[in-house]
Amino acid sequence: MWRLLLALAVFIAALYFSYREIGQANSLATLRVGHHTHTLFRTYEDVQRFLYSLRDYTGDEPLDTQSLESVQLHFELLVSRLRVFHEGEANRELLAFAEVRAAVDRLAVALDRIEPLIADLAPERRDPHYAQIRALLHDSRISFLQLGKQFLLNAQLRNEQLLKQLSHMQSFWVIAAPAVSGSLLLVLFFLQLRQSMALAKSLESQSRALAHMAAHDFLTALPNRALLLERLTRMIEQTQRASGRFAVMFLDLDRFKAVNDSLGHAVGDELLKMVAERLCACVREGDTVARISGDEFVLLVGDIGDDDAVINTVAERVATQLRRPFQLAGEELLVTSSIGISLYPAHGQQAELLLVNADAAMYSAKASGRNSIHGYLAEMNAGSVARLELNRDLHFALERGQLVLHYQPLVQLSTGQIFGVEALLRWQHPSRGLLAPDEFIPLAEESGLIIPIGEWILRTACADAVAWHSQGLPLLKMAVNLSALQFQQPELAERVDAVLVATGFPAEMLVLEMTETQLMRNVDLAVAATQALRELGVGLAVDDFGTGYCSLSYLQRFPVSKLKLDRSFVQDSLSKCSAAAISRSVISLGKSLSLKILAEGIETPEQLAFLRAHGCDYGQGYLFSRPLAQAELVSFVQANRGARLTKKVNLGLPS
Ligand SMILES: Nc1nc2c(ncn2[C@@H]2O[C@@H]3COP(=O)(O)O[C@H]4[C@@H](O)[C@H](n5cnc6c(=O)[nH]c(N)nc65)O[C@@H]4COP(=O)(O)O[C@H]3[C@H]2O)c(=O)[nH]1
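Residues numbered from 1 in each chain as written. Predicted model: local features only at pLDDT ≥ 70, side-chain atom pairs only at ≥ 80, totals over all residues. Heavy atoms only, no water.

A.B. asks: Would you mind showing me how to read the site of the ligand here?
C.D. replies: Arg426, Asp543, Arg567, Glu603 and Tyr622 are the nearest of the 24 residues found near the ligand. Within the contact set of the ligand, an oxygen atom lies 3.0 Å away from a side-chain nitrogen or oxygen of Glu422. Among the elements that line the shell around the ligand, the one with the most residues is strand S9 (residues 417-429), at four residues. By residue class, the composition of the shell around the ligand is nine nonpolar, six polar and nine charged. (Near = heavy atom within 4 Å. Polar contact = N/O pair within 3.5 Å; in protein donor to acceptor, adjacent residues only side chain to side chain. Helix = DSSP H or I, 4+ residues; strand = E, 2+ residues; numbered from the N terminus. Nonpolar A, V, L, I, M, F, W, Y, C, P; charged D, E, K, R; others polar.)

This is the structure we're talking about:
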């Protein structure tokens with residue numbers, strides 16, 4: 001741009017220079033024309049004066065004053081005038097006019113001829129030489145008079161003629177300077193124009209790329225939430241005009257987090273890309289497949305007519321496609337999905353509402369055991385909204401100090417002594433009150449928040465146990481539940497070790513609880529994780545034992561030290577033979593594998609008696625105590641120090 005401005009400045013300067021030059025030349029020409037007119041008239045006058053002096057000298061009554069010297073003088077003056085034409089730049093210019101040169105030459109010839117005649121002149125009446133001289137000068141006199149008049153009348157024309165005669169160099173620069181700078185300006189202007197056009201083009205393509213990026217998901221190149229909403233709105237308008245129907249399918253991959261955590265994010269990303277491809281293959285052209293967050297996809301299936309079978313077919317096709325194994329990282333990966341469907345116009349007539357309802361239906365599919373397809377039902381929405389709100393609040397629960405641990409005493413059944421506690425999480429929700437873990441732990445697992453929350457639980461529980469000990473309580477065993485996601489963390493043992501070091505809690509006093517299902521999900525991984533934890537000296541317990549499918553052969557592979565008999569068996573052990581049988585076999589299985597057995601959910605003295613009779617080692621339950629807040633727990637342990645809880649509940653044990 002600055003080059004264009006510079007060229008413009010040069011061009012303006014050149015124009016100014018030319019304008020000034022032409023102006024000067026014009027003034028000069030005007031001056032010269034004046035001078036030339038004057039010279040021509042003066043020549044005419046000199047001729048005329050010479051002829052007057054001649055007439056007077058040779059007249060009828062010659063004047064006394066008129067002498068031959070005077071005639072000669074006027075003649076000399078005329079000769080001098082003629083000479084003047086050949087001197088000075090201005091007169092040379094005058095001579096450049098052909099008619100002037102002709103007149104001057106004619107005068108020179110006449111004067112040459114007149115000169116000898118003057119010598120013979122006599123002051124007599126009309127000396128014949130007079131007529132001769134007059135005749136010789138006749139043409140010159142007329143032509144100088146006419147030339148003078150011509151110059152006077154055609155001053156403009158003469159000006160132009162004169163201007164043409166200006167020096168070549170000068171006129172060259174007058175024309176060349178603006179011409180060159182003007183051309184330069186033009187060239188630069190076009191270059192600038194071309195550059196600006198190229199720039200505009202590249203800006204346009206850049207802004208197009210940016211607009212595409214803003215509307216599409218970076219990983220899968222599918223439309224993102226913003227574009228989905230735009231298309232959904234357009235689809236509503238079109239379908240409304242045609243009085244048709246269309247479907248919104250909300251799809252969430254089941255346990256995608258586990259894939260990410262166990263196989264790494266690169267594999268997770270690849271899986272999402274492959275899922276995107278398969279989904280696109282399931283729908284028709286004109287339908288939309290969008291990725292709206294991590295593992296959530298939305299499909300807009302247009303023009304489904306009145307038959308619900310169409311949408312069921314599409315949903316089944318999607319589910320079947322996703323059930324086919326994915327070849328990833330040299331492994332065969334099996335993925336299932338939960339799909340929720342809402343229909344326009346039945347389940348909503350606004351884009352957001354259709355999405356929320358499809359999401360609610362998806363969540364209901366997930367809650368019903370995943371890997372299923374649910375259509376939207378009106379009652380789903382309240383649950384979905386509540387879940388969304390709870391999920392939002394959970395993100396701040398930890399930093400706002402709303403999470404608390406309650407502790408439930410663990411009792412040695414043979415002595416009735418409290419030997420430890422189980423840490424149980426609670427959420428002191430600002431508006432909903434104290435929430436039990438079942439109400440929010442699944443959400444924390446879905447969002448991955450369970451990782452920081454789990455670490456907080458472990459640290460708090462260990463620190464509390466150390467603090468109680470320093471207050472004079474015996475050092476209690478601390479049982480802490482591990483979530484599935486925590487259990488899949490490759491660096492779990494390091495994290496546990498770091499907490500033990502930081503809190504000063506002895507490893508052998510910590511018991512980590514994990515469920516059978518967690519252990520069985522990926523046996524090799526679980527063996528490695530449990531071994532790493534065991535090497536720290538930490539105790540390991542299998543929670544809810546009996547509800548899963550852990551076979552004896554598998555159980556032997558894990559270095560666990562304790563089985564926790566699920567409370568459902570404990571509670572039914574007196575009423576159902578099968579429950580009693582399971583309880584008995586779990587206890588004897590534990591004994592044969594040298595594992596300790598802890599019975600959960602002991603509520604009645606009868607249940608306690610049954611368990612003791614079959615040699616169960618430990619127990620917990622409302623019979624002894626409900627889970628207690630920290631301060632209550634401290635008082636409870638202090639109050640029962642040395643006491644036999646089993647005796648207190650009147651079992652008739654020896655004191
Ligand atoms: N009906 C009945 N119930 C009894 C009795 N004695 C204890 N319980 C309840 O049984 C549950 C025992 O915990 P769990 O099997 O590990 O089951 C736990 C555990 O899986 C999970 N959870 C609790 N705290 C945590 C935690 O800190 N981290 C993780 N990852 N999960 C936790 O939530 C589950 C439920 O915890 P809670 O609601 O605290 O429920 C507790 C406890 O209050 C009884 O006599 N009768």
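A.B. asks: Please clarify how the pairing of strand S12 (residues 510-515) should be interpreted in this entry.
C.D. replies: The two faces of a sheet get side chains in turn, since along a regular strand they alternate between them. Counting buried positions along S12 yields six of six residues, so the element is predominantly enclosed. Side chains Leu510, Leu512 and Met514 project from S12 onto one buried face, and the interleaved Val511, Glu513 and Thr515 project onto a second face that is buried too. Two strands pair when backbone bridges link them, and strand S11 (residues 477-481) and S12 are joined in this way by four bridges, in the parallel orientation. Its bridge partner lying in S12, Ala479 is registered against Val511. By the bridge criterion, five bridges tie S12 to strand S13 (residues 539-545) in an arrangement that is parallel. Paired with Val511 across the two strands is Gly539, which belongs to S13. (Buried < 20%, exposed > 50% of the residue type's maximum accessible area, 1.4 Å probe, protein only. Pairing = 2+ DSSP bridges.)

A.B. asks: Sorry if this is basic, but what is going on with the packing of helix H9 (residues 256-263) against helix H10 (residues 265-282) here?
C.D. replies: Packed helices, taken two at a time, are described by the angle their axes make and the gap between the axes. At their nearest, the axes of H9 and H10 sit 6 Å apart, and the two run at 140° to each other. Judged on the interaxial angle alone, H10 and H9 are oblique. Facing Phe256, Val259, Asn260 and Leu263 of H9, the residues of H10 in contact are His265, Val267, Gly268, Leu271 and Leu272. Per-class residue counts for the contact of H9 with H10 are six nonpolar, three polar and no charged. (Axes fitted to C-alpha atoms, helices over the stretch in contact; angles between N-to-C directions. Parallel < 35°, antiparallel > 145°, perpendicular 65-115°, else oblique. Contact = heavy atoms within 4.5 Å.)

A.B. asks: Help me understand the environment of Ile175 in this model?
C.D. replies: Structurally, Ile175 is set in helix H7 (residues 168-215). Taking the relative accessible area as the measure of exposure, Ile175 reaches 59% and is therefore exposed. Along the sequence, Ile175 and Ser18 sit 157 residues apart, while their C-alpha atoms lie 7.1 Å from each other.

A.B. asks: Looking at this structure, I do not really get the state of the cysteines. What am I missing?
C.D. replies: The bond known as a disulfide is covalent and runs between the sulfur atoms of two cysteines. The tally for this structure, following the rule as stated, stands at zero disulfides. Not engaged in a disulfide, the cysteine Cys280 finds its nearest cysteine sulfur in Cys282; these two sulfurs lie 8.9 Å apart. (Disulfide = S-S within 2.5 Å.)

A.B. asks: Whenever I open this one, empty space enclosed by the protein confuses me. Can you help?
C.D. replies: Where empty space is left can be seen by rolling a probe of water-molecule size over the atoms. Across all of its chains, the model carries one cavity of 30 Å³ or more by this definition. Quantified by volume, the largest cavity comes out at close to 60 Å³. As for the largest cavity, its lining consists of Glu455, Leu458, Gln486, Gln489, Leu492, Arg495, Val496 and Val499. Of the residues contributing to the lining of the largest cavity, the split by class is four nonpolar, two polar and two charged. (1 Å grid on protein atoms, 1.4 Å probe; cavity = no way out; pocket = protein on both sides within 12 Å on 5 of 7 lines; lining within 4 Å. Points joined across faces, edges and corners; volume = space filled by probe spheres on them.)

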